[in-house]
Amino acid sequence: MDYETKKTINMEYVVDILLGFITLSFLLKIGFYPSFRQIALVAVACAGFVLLIWDQAAEQSRTQIADFLASPKRMQDAAVWITLEAAVMIAFCFDCFAGYRHHDNLFKRSISCFLNVYPGLLIGVVLGYALTQTIFAFPGTDFRIVAGWFAASTGTGIALAAWLFRKYLGDSSLRLELLFATNLFILLMGIIATENGQTCYQSVSNVDWKTTVTTLAVFIAGAGWGFIWKLIHKTKL
C-alpha cells in the first residue's frame, strides 16, 4: 500500500470521528428546543435535505472523496467552517449560563435568540457524506430507494436520538457541559488543522492511535463520571 493510499485511509478515520462529534453536538443542541414538535420539525427538515441532495450524492465517487480529503487547501477551508460552527455552539453554552441574568438590550436579546434557534448547519455535511457512503454500500440498488430509506431513517433517528438525550440526560446543565466539551474537542481539531496556515491533516499517515484512543477514552470517562455524579447528587437530594 503506497503512502497516498495510507494517508487517505487514515484521513477517512479522522473524518469519521470528527463527523461523529458534529452529529453528537447537533443532537445535543436541538435537545434544548422547548418542545418535541420543534425537534421533529428539524428532523423533517434533515430528511427533506437528504431527498434534495440524493442525485448529487449519487454522482460522487470514492475517487472524488479521496481527492477532497487529500487536498490541503480544501481541508483547510473545511477546518475553518468547522471551527466557526464549534465557536457558535460554545457561545450558546456561555449564553445559557449568562442567560440566568437579564438581557438588558435588543442586541443581546437578538444574539441570544439566534444562538437558541441555530441548530448547526454542518449536519448537512454529515448527512451528505453518510448518504454517499450508504449508496456505495448498496451497489446496483436504485438510488431513489436508497435515498428514500435513508431519509426516513434520518428523520426518525434524529428525532428519537435528540429526545432520548434530552429525556435521559435530564439536567440541562449536564447537557450544556457535554455540548461544551464536545465542541471544545471539535474546536481544538480545527485549530490544529489551520496551524501555521497548513493543514495538519496532511501528515495523519503517522496517526498515534494510542494517544487518540486515550484522548477519546478520557473524554468519554469524564462525561460518564459527570453523569454518574449528577445522578448521585440528585438521589441524595
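Residues numbered from 1 in each chain as written. Predicted model: local features only at pLDDT ≥ 70, side-chain atom pairs only at ≥ 80, totals over all residues. Heavy atoms only, no water.

Let us look at the overall build of the chain. The number of helices and strands found in the chain is 9 helices and 0 strands. Going through the 237 residues of the chain one by one, you find that 38% of them count as buried. When the accessible surface of the chain is split by element, carbon and sulfur atoms take 68% of a total near 13800 Å². (Helix = DSSP H or I, 4+ residues; strand = E, 2+ residues; numbered from the N terminus. Buried < 20%, exposed > 50% of the residue type's maximum accessible area, 1.4 Å probe, protein only. Areas by Shrake-Rupley, 256 points an atom, 1.4 Å probe, with all protein chains shown as cover.)

Moving on, we come to helix H3 (residues 62-69). Along H3, the residues that are buried comprise Ile65, Ala66 and Leu69. One face of H3 carries all of its buried residues, which in axial projection span an arc of 100°. (Arc of directions from axis to C-beta.)

As a further point, take the confidence of the model for the chain. Taken residue by residue, the chain gives an average pLDDT of 79. The fraction at 70 or more is 76%. Between the elements of the chain, mean pLDDT differs from a low of 66, seen in helix H9 (residues 209-236), to a high of 93, seen in helix H2 (residues 36-58). Low confidence marks residues 194-205, where pLDDT is under 50. Its contacts with residues over four positions away, or in another chain, come to 30 contacts. (pLDDT = per-residue confidence, 0-100. Contact = heavy atoms within 4.5 Å.)

For the rest of this paragraph, the subject is the side chain of Thr134. Mapped onto the secondary structure, Thr134 falls in helix H6 (residues 123-137). For Thr134, the side chain forms a polar contact with the main-chain oxygen of Ala130, separated by 2.7 Å. Excluding its chain neighbours within four sequence positions, the residues that come into contact with Thr134 are Val146 and Phe150. (Polar contact = N/O pair within 3.5 Å; in protein donor to acceptor, adjacent residues only side chain to side chain.)

Before going further, it helps to spend a moment on helix H7 (residues 143-169). Relative to the 39 Å expected for 27 residues at 1.5 Å per residue, H7 spans 37 Å between its end C-alpha atoms, a close match to the ideal helical length. Of the positions making up H7, those classed as buried are Val146, Ala147, Phe150, Ala151, Thr154, Gly155, Ile158, Ala159, Ala162 and Leu169. Its side-chain oxygen at 2.9 Å from the backbone nitrogen of Arg144, Asp142 defines the N-terminal cap of H7. Looking one or two residues beyond H7, the residue adopting positive phi is Gly170, at roughly 65°. (Expected span 1.5 Å × (residues − 1).)

Here we take up the state of the cysteines. Counted by the stated rule, this structure contains 0 disulfides. Free of any disulfide, Cys93 has its nearest neighbouring cysteine sulfur in Cys96, separated by 6.7 Å. (Disulfide = S-S within 2.5 Å.)

For Gly157, the position within the fold is in helix H7. On the basis of relative accessible area, Gly157 is assigned to the partly exposed category, the value being 34%. Put simply, Gly157 and Ala43 are 114 residues apart on the chain and 8.2 Å apart in space, counted from C-alpha to C-alpha.

Our focus in this paragraph is a nonpolar patch on the surface. A surface patch of nonpolar side chains, about 330 Å² in accessible area, is lined by Val80, Trp81 and Leu84. With respect to the secondary-structure elements, Trp81 resides in helix H4 (residues 72-98). Here Trp81 falls in the exposed class, since its relative accessible area comes to 58%. (Patch = residues over 30% accessible without salt bridge, like charges linked within 9 Å, V, L, I, M, F, W, Y side chains within 5 Å. Salt bridge = Lys/Arg side-chain N within 4 Å of Asp/Glu carboxyl O.)

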